[in-house]
Amino acid sequence: MFMNWWNLSVFCIIPIVSVIFFFFWKRKYLWMAPLTSTVFAMPSILSDAEHRSMFFGISVMLHILIAVVLTVIAYVVARFWDKK
């Protein structure tokens, strides 16, 4: 299945960039990565008519879920990285 640029940016690029930014900037603020990525993804989600209407809740929840999973992975990596 082909993912278009919108899906790629909202569900992959924005959460990854947000987590990487907080991971290398200040790890104690890593919990803000899902919130920040959602704020930056909102204009994209609201601009797409399909996601703005019926699937708005699903798109936002899926985006937050992806960002939270990436944040948890970053916490695990940070924990092992700090031990070494």
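See above for the structure.
Note that the structure is predicted; figures quoted are calculated from it, not measured.

Chemist: Would you explain the overall build of the chain in this entry?
Modeler: Within the chain, the regular secondary structure consists of four helices and zero strands. Here the chain holds 84 residues, and the buried ones make up 30% of them. Sequence separation of at least 24 residues holds for 64% of the intrachain contacts in the chain that already meet a minimum separation of 6. Carbon and sulfur atoms form 76% of the exposed surface of the chain, whose accessible area is close to 5,900 Å².

Chemist: Any chance you could explain a nonpolar patch on the surface here in plain terms?
Modeler: Taken together, the side chains of I16, I20, F24, L62, L65, V69, I73, V77 and W81 make up a nonpolar region of the molecular surface, amounting to roughly 840 Å² of accessible area. The biggest single contributor to the nonpolar patch is helix α4 (residues 56–83), with six residues. Positionally, F24 belongs in helix α1 (residues 5–25). On the basis of relative accessible area, F24 is assigned to the exposed category, the value being 56%.

Chemist: Can you walk me through the pattern of salt bridges in this structure?
Modeler: Overall, the coordinates contain one salt bridge when judged by the stated rule. When the shortest N-O distance is used, the salt bridge between R27 and D82 registers 3.2 Å. Of the two residues, R27 sits in the loop between α1 and α2 (33–47) while D82 sits in helix α4, which places them 55 residues apart along the sequence. In this structure D82 comes out as exposed when scored by relative accessible area, which is 52%.

Chemist: Looking at this structure, I do not really get the nonpolar core. What am I missing?
Modeler: The nonpolar side chains of soluble globular proteins are, as a tendency, buried together. Of all hydrophobic cores here, the largest spans seven residues; its members are V19, F22, F23, L30, A33, A74 and A78. Elements with a minimum of two residues in this core: α1 and α4. Top contributing element to this core by residue count: α1, with three residues. Those residues in contact with L30 that sit more than four places away from it in its chain are V19, F22, F23, T71, A74 and Y75. Ranked by size, the runner-up nonpolar core spans five residues in total, among them W6, V10, F11 and A41.

Chemist: Please explain the packing of aromatic side chains as it appears in this structure.
Modeler: Pairs of aromatic rings are described using the distance from one ring centre to the other and the angle between the two planes. The tally for this structure, following the rule as stated, stands at seven aromatic pairs. For the ring pair F21 and F22, a centre distance of 5.2 Å and an interplane angle of 75° mean the geometry is edge-to-face. Judged by its relative accessible area of 47%, F21 falls in the partly exposed class. Taking the centre distance of 5.1 Å and the plane angle of 90° together, the rings of F23 and F24 count as edge-to-face.

Calculation criteria
Residues numbered from 1 in each chain as written. Predicted model: local features only at pLDDT ≥ 70, side-chain atom pairs only at ≥ 80, totals over all residues. Heavy atoms only, no water. Helix = DSSP H or I, 4+ residues; strand = E, 2+ residues; numbered from the N terminus. Buried < 20%, exposed > 50% of the residue type's maximum accessible area, 1.4 Å probe, protein only. Contact = heavy atoms within 4.5 Å. Areas by Shrake-Rupley, 256 points an atom, 1.4 Å probe, with all protein chains shown as cover. Patch = residues over 30% accessible without salt bridge, like charges linked within 9 Å, V, L, I, M, F, W, Y side chains within 5 Å. Salt bridge = Lys/Arg side-chain N within 4 Å of Asp/Glu carboxyl O. Core = buried A, V, L, I, M, F, W, Y, C linked by side-chain atoms within 4.5 Å. Phe/Tyr/Trp six-rings, centres within 6.5 Å; stacked < 30°, edge-to-face > 60°.

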